Each structure stands twice: as C-alpha cells, then as structure tokens.
Amino acid sequence: MQYYPLEQLINLYDGYSRQFRVGSHSLMLLQHQGRLRLLQSHCPHRGHSLEHSLISNDSIQCPLHAYVFSCDSGELLHASAEPCADLTVYALTYESSAVGVML
Ligand code: FES
C-alpha cells in the first residue's frame, strides 16, 4: 500500500467537497458538520456522480434516484427500487499538514 496525499488540512471547511482519481479509485473527500470523510465518488446503484448529493444526519443521498447510504459505514439505508451494493468508505490517513489515503 502507498500513501496518497489528497488535501492540505488548512483548505478544509464545512461544505468542502472535492473529487479525486487515484489509480483505479474514484474518490470524494467531503467535510460536513466538522466530520471529514472519504467516499467512493459514484453511486453503487447506477454510477451517477455523488458530487451534488444531499448530506444530512450522517447519510448521503444520491441525486439521481434518491438512494441513501451511511456516510460512516457506506451501508445502503434506503432504495426506492432494486437494491445495490453498499458505498465504499475509505479510511483517512493524516500526515503532517495533509490528509490522504493508503491504497
Ligand atoms: S444512480 Fe444513485 S440512486 Fe440510482
């Protein structure tokens, strides 16, 4: 595994959201109510971008079909049609003044 720095800590704020491509991984780093998370950037249902998702109560809602996933575990919490896989949640790694991921 290798460490990939994603963002300087000084650049983070509530409402921050940015997508990254690291190898074959499409990632979305976001901060909501002081909590920083790194999620798979596309919905496991039909692959829609989660860039403009609604985030509330530690869950994220895909804008296309309104499926809801836990931001903590990635678990599928609500599906309006056929179920899909859970969302991948990545562990964050902090090194000096940056946050990143081990992949
Ligand atoms: S593509 Fe996200 S809910 Fe269908």
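Preceding block: the structure.
Quick caveat: nothing in here was measured; it's all calculated off a predicted structure.

Caption draft 1: Representation of the environment of H65. With respect to the secondary-structure elements, H65 resides in the loop between β6 (59-61) and β7 (68-70). Looking at H65, the number of C-beta atoms within 10 Å reads 15, which means it is partly exposed. For the pair H65 and S80, spaced 15 residues apart in sequence, the C-alpha separation works out to 7.2 Å. With near-sequence residues (within four places) excluded, H65 lies in contact with H45, S80 and A81.

Caption draft 2: A look at the pairing of strand β4 (residues 35-40). In terms of strand pairing, strand β3 (residues 25-32) meets β4 through 6 bridges, oriented antiparallel. When the sheet's bridge partners are listed, M28 is paired in β4 with L39. What sits between the antiparallel neighbours β3 and β4 is a turn of 2 residues, in which Q33 has the positive phi angle 50°. As judged from the 2 bridges shared by β4 and strand β9 (residues 89-90), these two strands associate in the antiparallel manner. Pairing of L38 across the sheet is with Y90, part of β9.

Caption draft 3: View of unusual backbone geometry. A positive phi is found at N57, a non-glycine position, where the angle reads about 50°. Position of N57 relative to the elements: it lies in the loop between β5 (54-56) and β6. Judged by the 10 C-beta atoms lying within 10 Å of it, N57 is exposed. Backbone geometry places D58, a non-glycine residue, at a positive phi of 60°. Overall, the presence of 14 C-beta atoms within 10 Å leaves D58 in the partly exposed class.

Caption draft 4: Layout of the sheet that holds strand β10 (residues 93-95). The strand order across the open sheet formed by 3 strands is β1-β11-β10, and the pairing between neighbours is antiparallel. Each edge of the open sheet carries a strand with a single partner, namely β1 (3-8) and β10. Strand after strand, the sheet turns through a mean of 40° between neighbouring axes, direction not considered.

Caption draft 5: Geometry of the sheet that holds β4. Sheet architecture is open: 4 strands sit in the order β2-β3-β4-β9, paired in antiparallel fashion. Edge positions in the open sheet fall to β2 (17-22) and β9, since each of these has one partner strand only.

Caption draft 6: Summary view of the pairing of strand β11 (residues 98-102). Strand direction decides the pairing type here: β1 and β11, joined by 5 bridges, are antiparallel. Residue Q8 lies in a different strand from β11, and its bridge partner there is A98. Here 3 bridges tie β10 to β11, and the two strands are oriented antiparallel to one another. Residue pairing for β11: E95 is matched across the bridge by A98. Linking two consecutive strands that pair antiparallel, namely β10 and β11, is a turn of 2 residues; a positive phi of about 50° is found at S96 within it.

Rules behind the numbers
- Residues numbered from 1 in each chain as written.
- Predicted model: local features only at pLDDT ≥ 70, side-chain atom pairs only at ≥ 80, totals over all residues.
- Helix = DSSP H or I, 4+ residues; strand = E, 2+ residues; numbered from the N terminus.
- Buried ≥ 20, exposed ≤ 12 C-beta atoms within 10 Å, placed from the backbone.
- Contact = placed C-beta atoms within 7 Å.
- Pairing = 2+ DSSP bridges.
- Axes fitted to C-alpha atoms, helices over the stretch in contact; angles between N-to-C directions.

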